[in-house]
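Overview (structure and organization)
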Amino acid sequence: MVPEVVIQDEPKQPEFNGMVDHGAIGVFDNFVKWEFCDSVIDSFEFWHAKKHIKRDDVEVKVTSFNGKKLSLDPLSEGQKQFNQNSLSIKHQQLYLEIADPALAMEINQAIGGAFEIYAKKYKGILDCADPVSSWTCKIQKTNSGGGYHIWHSENGSFLYRDRVVTWMIYLNDIPRESGGATDFFHQEVSFQPKKGSLVLWPATFTHVHRGSFLTGDRSKYIATGWFSREPGEVTNRKLGELSGQLQPKDQLNG
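Below is a short write-up of the structure. Since the model is a prediction, treat every value here as computed from it, not as a measurement.

Within the protein chain, the secondary structure is distributed over 5 helices and 16 strands. By residue count, 44% of the 254 residues in the protein chain fall in the buried class. Taking all contacts inside the protein chain whose residues are at least 6 apart in sequence as the whole, residues at least 24 apart take part in 74%. Per element, the accessible surface of the protein chain, about 14,800 Å² overall, is 54% carbon and sulfur.

Dropping the structure here:
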């Protein structure tokens with residue numbers, strides 16, 4: 001008698017049921033399709049396999065990629081970005097908008113949809129303020145023992161002062177026993193990586209956070225970036241007013 005072979009169907013992704021708010025941390029479970037998450041991970045591994053030289057500083061290094069001169073290295077080891085101590089940060093990262101602009105655009109479309117929902121509740125992001133936009137699309141891979149374990153905010157330095165809202169997509173599941181959660185200090189909440197979940201939160205000191213220690217044999221993949229201020233009507237009007245105030249009196253009086 002030939003034994004019966006049972007083929008189990010692939011688990012079906014649940015539907016997105018709206019944003020859940022945890023103290024201005026907007027959580028969008030199942031917002032991004034699982035298949036798309038897989039394609040982003042595949043892209044990361046494809047481009048990372050093409051790296052020939054390990055680079056140290058993603059912020060200032062000028063290099064070339066596919067024959068083109070770039071202002072930053074699309075592939076890098078993140079432990080050099082913050083060097084307070086050996087446990088501060090350790091992961092691999094890829095700037096997808098450089099390596100694969102078409103895929104980065106698809107991610108930005110998903111992010112934009114979530115941002116519209118978030119900004120409807122927190123109207124101060126857009127009302128009576130300059131416009132915001134998200135350009136950077138950074139893919140991070142964290143292996144066992146890695147992560148960014150120091151409490152920090154995303155606009156905590158002068159260089160990043162224009163960041164308003166942080167976004168992150170969990171590209172794969174990490175079991176709770178392996179750690180790797182995102183911890184928020186003031187809100188006293190932690191979010192375990194859940195494939196297809198998207199999270200938005202203010203980039204400022206009210207939402208300091210960290211990545212908890214990752215163990216086990218499964219790497220953690222995320223996509224992340226920021227909505228940052230750009231000069232718009234509000235800034236241009238203020239600059240115009242300031243410019244008028246600073247003109248010589250004879251010019252003002254005609």
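Close contact between helix 1 (residues 34–49) and helix 3 (residues 101–121) brings their axes to 11 Å; oriented N to C, the two are set at 145°. Crossing angle aside, the handedness with which helix 1 passes helix 3 is left-handed. Residues Phe36, Ser39, Val40 and Ser43 of helix 1 touch helix 3, and the partners they reach there are Leu103, Glu106 and Ile107. Here the residues of the contact of helix 1 with helix 3 are counted per class, giving 4 nonpolar, 2 polar and 1 charged.

Here we come to helix 1. Spanning 16 residues, helix 1 covers 23 Å between terminal C-alpha atoms, matching the ideal 22 Å at 1.5 Å per step. Those residues of helix 1 not exposed but buried are Phe36, Cys37, Val40, Ile41, Ser43, Phe44, Trp47 and His48. Projection of helix 1 onto a plane perpendicular to its axis shows the buried side chains occupying an angular sector of 155°, all on one side. For helix 1, exposure combined with an orientation more than 90 degrees from the buried face picks out Glu35, Asp42 and Ala49.

Turning our eyes to something else, we now look at the side chain of glutamine 192. Within the secondary structure layout, glutamine 192 lies in the loop between strand 13 (189–191) and strand 14 (198–202). A distance of 2.7 Å separates a polar atom in the side chain of glutamine 192 from the backbone oxygen of glycine 179. Among residues more than four places away in sequence, those in contact with glutamine 192 are Tyr170, Ile174, Pro175, Arg176, Gly179 and Ala181.

Core analysis: the biggest nonpolar cluster contains 34 residues, and Ile107, Ile139, Trp167, Ile169, Leu171 and Leu200 have the highest contact counts within it. At the level of secondary structure, the elements contributing two or more residues to this core comprise helix 1, helix 2 (96–99), helix 3, strand 11 (163–170), strand 14 and strand 16 (220–229). With 8 residues, helix 3 is the single largest residue contributor to this core. Those residues in contact with isoleucine 169, other than ones at most four positions away along the chain, are Val32, Ile107, Ile111, Ser197, Leu198, Tyr221, Ile222 and Ala223. Val27, Phe184, Phe191 and Val199 belong to the second-largest nonpolar core, a separate cluster that totals 9 residues.

Before going further, it helps to examine the layout of surface pockets. Think of a ball as big as a water molecule: rolled over the atoms, this probe shows where empty space is left. The volume enclosed by the largest pocket comes to roughly 540 Å³. Gln140, Tyr148, His152, Glu154 and His209 are, among the 32 residues lining the largest pocket, the residues nearest its centre. Going through the elements one at a time, strand 9 (138–142), strand 10 (147–148), strand 11, strand 15 (209–211) and strand 16 are the ones with two or more residues in the lining of the largest pocket. Here the lining of the largest pocket gets 5 residues from one element, more than from any other, and that element is strand 16. Of the residues belonging to the lining of the largest pocket, the class tally is 10 nonpolar, 17 polar and 5 charged.

Let us look at unusual backbone geometry. The phi dihedral of asparagine 30 is positive, around 60°, even though this residue is not glycine. Taking the relative accessible area as the measure of exposure, asparagine 30 reaches 11% and is therefore buried. We note that glutamate 188 has phi near 55°; this positive angle belongs to a residue other than glycine. Relative to the assigned elements, glutamate 188 resides in the loop between strand 12 (182–184) and strand 13.

Two orientations exist for strands paired in a sheet by backbone hydrogen bonds: parallel and antiparallel. Reading across from one edge, 13-12-15 is the order of the 3 strands in this open sheet, with antiparallel pairing throughout. Of all strands in the sheet, those bounded by a partner on one side alone are strand 13 and strand 15. Neighbouring strand axes in the sheet, compared pairwise and without regard to direction, differ in orientation by 20° on average. In the sheet, strand 12 pairs with strand 13 via 3 bridges, with the strands oriented antiparallel. From the neighbouring strand, aspartate 183 faces strand 13, where its bridge partner is serine 190.

The element strand 11 is extensively covered by neighbouring structure, given that 8 of its 8 residues are classed as buried. Inspection of the sheet shows strand 11 paired to strand 14 by 5 bridges, in the antiparallel sense. Paired with methionine 168 across the bridge in strand 14 is valine 199.

How each quantity is defined
Residues numbered from 1 in each chain as written. Predicted model: local features only at pLDDT ≥ 70, side-chain atom pairs only at ≥ 80, totals over all residues. Heavy atoms only, no water. Helix = DSSP H or I, 4+ residues; strand = E, 2+ residues; numbered from the N terminus. Buried < 20%, exposed > 50% of the residue type's maximum accessible area, 1.4 Å probe, protein only. Contact = heavy atoms within 4.5 Å. Areas by Shrake-Rupley, 256 points an atom, 1.4 Å probe, with all protein chains shown as cover. Axes fitted to C-alpha atoms, helices over the stretch in contact; angles between N-to-C directions. Left-handed = near helix turned anticlockwise from the far one by under 90°. Nonpolar A, V, L, I, M, F, W, Y, C, P; charged D, E, K, R; others polar. Expected span 1.5 Å × (residues − 1). Arc of directions from axis to C-beta. Polar contact = N/O pair within 3.5 Å; in protein donor to acceptor, adjacent residues only side chain to side chain. Core = buried A, V, L, I, M, F, W, Y, C linked by side-chain atoms within 4.5 Å. 1 Å grid on protein atoms, 1.4 Å probe; cavity = no way out; pocket = protein on both sides within 12 Å on 5 of 7 lines; lining within 4 Å. Points joined across faces, edges and corners; volume = space filled by probe spheres on them. Pairing = 2+ DSSP bridges.

All we've got here are geometric facts, nothing functional implied.
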